[in-house]
Amino acid sequence: MADKYSADTIITETQKRISNAFDVFDHESNKTVDVREIGTIIRSLGCFPSEADLHDIIAELEEEEPTGFVRYEKFLPTMTKILLERKFRPITEDLLLQAFEVLDQQKKGHLEPEELTKYLTQEGEPFTQEEMDEMLSAAVDPDKNVILYKDFVSMMTFDDTR
Amino acid sequence: SKKCYKLLHHFFFHRVLLKAMKAAVLIQRWYRQYAARMEVRRRYTWNIFQSMEYADLQDQIKLYNFLGYLMDNFTPSSTERNLISHIFRENEVCRDAEWERYFSYNNITVPDIYSGPRLTFPLDMDQAAHLVEAFKNKQQLHSRYVLQLLLETWKLLRVLPNINRVSTCHSKEITICGDLHGQLEDLLLIFYKNGMPSLEKPYVFNGDYVDRGKDSIEILLILFAFLLVFPGDVYLNRGNHEDHIINLRYGFTKEVLNKYKLHGKRILKLLQKIFSWLPLVTVIDQRVLIVHGGISDTTDLALIARYVSALRPPKKKTPSRTNVYADSERYDEMIICKNRRGSLTFPKPFGARESFQRRSLQDFSSTVARTLGEEFEVRRRQAEFSLSSFSKSHRILSSALSSDSEPESSEFTDTCNDEWKQILDLLWSDPMSQDGCIPNEVRGGGCYWGPDVTEGFLNRHNLQLIIRSHECKQDGYEFCHNRKVLTLFSASNYYEVGSNRGAFVRLGPDLVPYFVQYQATSMTRGLSFPQNVKRTEHTALKVLREQLFVHKSDLLSFLRLIFDLTGLICLNDWASAIERVLHLDLPWRVLHPQLVSSTTDGKLDYHGWFRDLALKKPSSEHIEQTMLETLYRHRSTLETIFRIVDTDNSGLITFEDFRQTLKLLSAYLKMEISDEVINELVISTDTNNDGSIDIDEFMEAFRLVDKSRLERGKSLLKLMQDNQING
């Protein structure tokens, strides 16, 4: 009995969270959001999907004839499932640090802005110039003009927990 | 073995590459998540500011209702009648020539030590440019020249029509700017990027030049100077902030009085006239309409143009209407008197006290008998608020307040009211995405109009685009209604440093808009995107916490119904309580981490939470918490009433007026306030012991301590020192 109660509460809590996050982007207050904001909404709920993952989710959420909007009725069950199944788990600080270390092939302890830019705008799921610029503005040490990735990672993950 | 080596080489190389790719994907995936969360914070920060702004504007409704209540409860025998008639005192109505004498600047001498611009009239381009330069260097124009410039402006505006008509012939590109709100930096930035107004470079300015920002008067002086130099190439529209009652509340009045201690009130009076003479709309090539707020389903440009020579009922008693043309003075007044509505939020005050008593307030009292809370409920919750009932209350108020409504002039009252509504619609309306046209109860004036209304309006007037301002937009501009309506906002960093960009638009003969966006303040360039977001968020949350504190008693009484024995409540209940009490449409569950410092098992200790939301209280500790909160909540109404009562703009009101104002307000709010408490309030603010109270000092008691206030204090001090030189 107790388990069922807490399970229900969890689901309700989860759905309330989803509803709130959805509302932030529901500009017309008509329970729809622009499909281009779906990624932001999902991520704001704590998930770390890749672009490919998002692509699949959006395909699921769109109408038969795509309108450019996603309705809440469709979003809610999909998102609830994602959260309850804990899909797209967070990337830990350690893992992130390792990733930077991999890119730092010469083991300098830092990365040049050009190096990082090359990797992130050409490899994987490339950044747009805007995304790259934004990241660099936060990552590059203004005095040394390099990315001290260890500090950067600590700083960013500290912010998250605030 | 060479082959083997090659294979191994490829294998490792491949693996390294693969590893790098995986690392890149991981970093990208992680960063995008971070960026998304920053984006959400930025969004709701924006929502907070917008809600606050609109909640703020609802103070106008409060003021309006309070004034209505005063009228309602006025009786010849009530002891407050002196104050009330004081508040409703009619401004003296003089002929324009008399006004010119009042505004005379000739007896004002400029000291030799004054190093600012010395203007000679008629102005020329060099002087206008010199003025811009001077303000850039933080100089202040001497009051003598201010008055002179304003007088010339007023003379010009009196002969301009209500509708500016502009043409892009001669391949001229027209530059259009939106709200500036006293932010001189933005105007300078626009001039820097686009050049100053000239014969080759016509400009249209779409209202809201003043309030909120700290250099409103400088912006006005620059715009008026260019208007005088290039009357055929500079066009000014009136905004809803070009209104002396709004200025009392939103800072422009204070700015002028602080910068011009000696002649401030004369300057303000002249500006009051100028504002009411500003054109209402501009039309480009008969195709593009530029107006500050927007339109409604009854907007009629022909009607607005016609008011240029509309006959209006004379303000004073006349023997008969038929000989109106014979009376040349009266004729002058009417022909030249275009629709010159002084303030749109505060209808013209009463005439003499005798006429006051003749009013029948029967109909009106039912509209304002509601308490403030009920009024809010009605205005906010009612989805279907018919236009007719809205205008009915306005009509009744208008007829009750306009002087001498003789029976046969009731049609004039209707005309007055129609005029008033037309102007309100033009200056206060906002677009909405649904079809239709409903009253704009959030702002308390104008309406929300839908795409169908745009369509109908454009067709009726053979136009293709409406350019309006009035609403702050993240990127400085935004299209809606199928790109038929463009909102243009030129005050960057409006809510906070980094909150939004400003924009201006250029239109050539092809009438295709070309946008230029910008963001003033060198500070933003130094901050990274996350820092920007955090900074803006910090301000928004501070403002929000203030609101929460102010509603503490209401929140507590609501929560008392649902707390558990440990004094803990769950977050859902917390969120529900706030929604119910604050009526602010915000994502509270998303916001809670920022507003609640700690939770245990998803529950929070609400007493502890309230303790954390501390406000700096006035020095007297004896004042009751609830009373303090209530007064705080209505501080803007209180302050505006004080300033209305302070008719000579001295910054002081008598103790008696102060006492009576508080008593009236507390009666209206159904709040107990004893004489001892009022006395304590007075004592706790340093009075001069001469029976008068410094309004600013009293209102200071309600301000939160924050850095910007200290900054403002410092710059005010500097201004005061400068004033010794500038008069």
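Residues numbered from 1 in each chain as written. Chains lettered and ligands numbered in written order. Predicted model: local features only at pLDDT ≥ 70, side-chain atom pairs only at ≥ 80, totals over all residues. Heavy atoms only, no water.

A. View of the interface of chain A and chain B. Taken together, the contact between chain A and chain B spans 44 residues of the former and 33 residues of the latter. Buried area between chain A and chain B, summed over both chains or domains, comes out near 3,800 Å², and the portion from carbon and sulfur atoms is 64%. Where chain A meets chain B, there are two salt bridges. A salt bridge links arginine 32 of chain B to glutamate 131 of chain A, with the shortest nitrogen-to-oxygen separation between them at 3.0 Å. (Contact = heavy atoms within 4.5 Å. Buried area = accessible area lost by both parts, 1.4 Å probe. Salt bridge = Lys/Arg side-chain N within 4 Å of Asp/Glu carboxyl O.)

B. Quick look at the packing of helix α4 (residues 125-136) of chain B against helix α7 (residues 216-229) of chain B. Residues and elements named next belong to chain B. At a minimum axis distance of 9 Å, the contact between α4 and α7 shows a crossing angle of 170 degrees. With respect to their mutual orientation, α4 and α7 come out roughly antiparallel. Contacts between α4 and α7 pair Met125, Ala128, Leu131, Val132 and Phe135 from the former with Glu218, Leu221, Ile222, Ala225, Phe226 and Val229 from the latter. Classifying every residue of the contact of α4 with α7 by side-chain character gives 10 nonpolar, no polar and one charged. (Axes fitted to C-alpha atoms, helices over the stretch in contact; angles between N-to-C directions. Helix = DSSP H or I, 4+ residues; strand = E, 2+ residues; numbered from the N terminus. Parallel < 35°, antiparallel > 145°, perpendicular 65-115°, else oblique. Nonpolar A, V, L, I, M, F, W, Y, C, P; charged D, E, K, R; others polar.)

C. Structural view of the packing of α7 of chain B against helix α9 (residues 252-259) of chain B. All names here are of chain B. Where α7 meets α9, the closest approach of the two axes is 9 Å, and the angle between their N-to-C directions is 90 degrees. Between α7 and α9, the angle is such that the two are roughly perpendicular. Packed against α7, whose contacting residues are Ser216, Ile217, Glu218 and Leu220, the element α9 presents Phe252, Glu255, Val256 and Lys259 at the interface. The class makeup of the residues in the contact of α7 with α9 is four nonpolar, one polar and three charged.

D. Spatial organisation of the sheet that holds strand β13 (residues 502-507) of chain B. Residues and elements named next belong to chain B. Strand order in the open sheet formed by five strands is β4-β3-β2-β13-β14, with mixed pairing between adjacent strands. Edge positions in the sheet fall to β4 (234-236) and β14 (513-518), since each has one partner strand and no second. Sheet twist, expressed as the average angle between the axes of neighbouring strands with direction ignored, equals 20 degrees. The pairing of strand β3 (residues 203-205) with β4 spans three bridges and is classified as parallel. Looking at β4, one finds that tyrosine 203 is bridged to valine 234. Helix-sheet contacts for helix α6 (residues 184-194) involve β2 (174-177), β3, β13 and β14, and the interaxial angle to β14 is about 125 degrees. (Pairing = 2+ DSSP bridges.)

E. Here's a closer look at helix α5 (residues 143-157) of chain B. Residue and element names in this part refer to chain B. Here α5 is 15 residues long and its end C-alpha atoms lie 20 Å apart, about the 21 Å a rise of 1.5 Å per residue gives. For α5, the buried fraction is high: 12 of the 15 residues fall into the buried class. Buried residues of α5: Ser143, Tyr145, Val146, Leu147, Gln148, Leu149, Leu150, Leu151, Thr153, Trp154, Leu156 and Leu157, and no others. (Expected span 1.5 Å × (residues − 1). Buried < 20%, exposed > 50% of the residue type's maximum accessible area, 1.4 Å probe, protein only.)

F. Structural context of the packing of aromatic side chains. Inspection of the entire model under this criterion finds 20 aromatic pairs over all chains. Where phenylalanine 191 of chain B meets phenylalanine 226 of chain B, the ring centres are 5.8 Å apart and the plane angle is 70 degrees; that geometry is what we call edge-to-face. Taken as a pair, phenylalanine 191 of chain B in helix α6 and phenylalanine 226 of chain B in helix α7 lie far apart in primary sequence, 35 residues in all. Its relative accessible area of 7% is what places phenylalanine 191 of chain B among the buried residues. Here the aromatic cluster, defined as three or more aromatic residues joined through ring pairs, consists of Phe100, Phe127, Tyr149 and Phe152 of chain A together with Trp30, Tyr31 and Tyr34 of chain B. When the ring centre of tyrosine 72 of chain A is taken as reference, the NZ or CZ atom of lysine 31 of chain A above it lies at 4.9 Å. (Phe/Tyr/Trp six-rings, centres within 6.5 Å; stacked < 30°, edge-to-face > 60°. Lys NZ or Arg CZ within 6 Å of the ring centre and 35° of its normal.)

G. View of helix α27 (residues 655-668) of chain B. The terminal C-alpha atoms of α27 of chain B, which comprises 14 residues, lie 20 Å apart, in line with the 20 Å expected from a rise of 1.5 Å per residue. All of the buried residues along α27 of chain B are Asp657, Phe658, Gln660, Thr661, Leu662, Leu664, Leu665, Ser666 and Tyr668 of chain B.

H. Summary view of the confidence of the model for chain B. Residue and element names in this part refer to chain B. Chain-level statistics for chain B give a pLDDT mean of 71 and a share of 60% at 70 or above. For the stretch residues 615-623, pLDDT sits under 50, and the model shows 17 contacts to residues farther than four places along the chain or on other chains. Scoring the predicted complex yields pTM 0.63 and, for the interface, ipTM 0.92. (pLDDT = per-residue confidence, 0-100.)

I. Quick peek at the sheet that holds strand β8 (residues 437-439) of chain B. Residue and element names in this part refer to chain B. Pairing in this open sheet of three strands is mixed, and the strands run β7-β9-β8 from one edge to the other. Two strands close off the open sheet at either side, each with one partner strand: β7 (430-431) and β8. When β7 meets strand β9 (residues 447-449), the two strands line up parallel, connected through two bridges. Bridge pairing links proline 431 to tryptophan 449 in β9.

J. How the structure looks around the pattern of salt bridges. Counted by the stated rule, this structure contains 22 salt bridges over all chains. For the salt bridge of aspartate 104 of chain A with lysine 108 of chain A, the shortest nitrogen-to-oxygen distance reads 3.8 Å. Exposure remark for aspartate 104 of chain A: the relative accessible area of 0% places this residue in the buried category. Linking arginine 468 of chain B and aspartate 430 of chain B is a salt bridge whose minimum nitrogen-to-oxygen distance equals 2.9 Å. Taken together, the residues arginine 468 of chain B in strand β10 (residues 465-468) and aspartate 430 of chain B in strand β7 connect sequence positions 38 residues apart.

K. Spatial organisation of the pairing of strand β6 (residues 288-291) of chain B. Residues and elements named next belong to chain B. Every second residue of β6 is oriented toward a common face, with Val288 and Ile290 on one face and Leu289 and Val291 on the other, all of them buried. Of the pairings in the sheet, the one linking strand β5 (residues 281-284) to β6 comprises four bridges and is antiparallel in character. Pairing of threonine 282 across the sheet is with isoleucine 290, part of β6. The turn joining β5 and β6, which pair antiparallel and follow one another in sequence, is formed by three residues; a positive phi near 50 degrees is taken by aspartate 285. Relative to β10, β6 is paired through three bridges, and the arrangement is parallel. Looking at the pairing, isoleucine 290 lines up with isoleucine 467 of β10.

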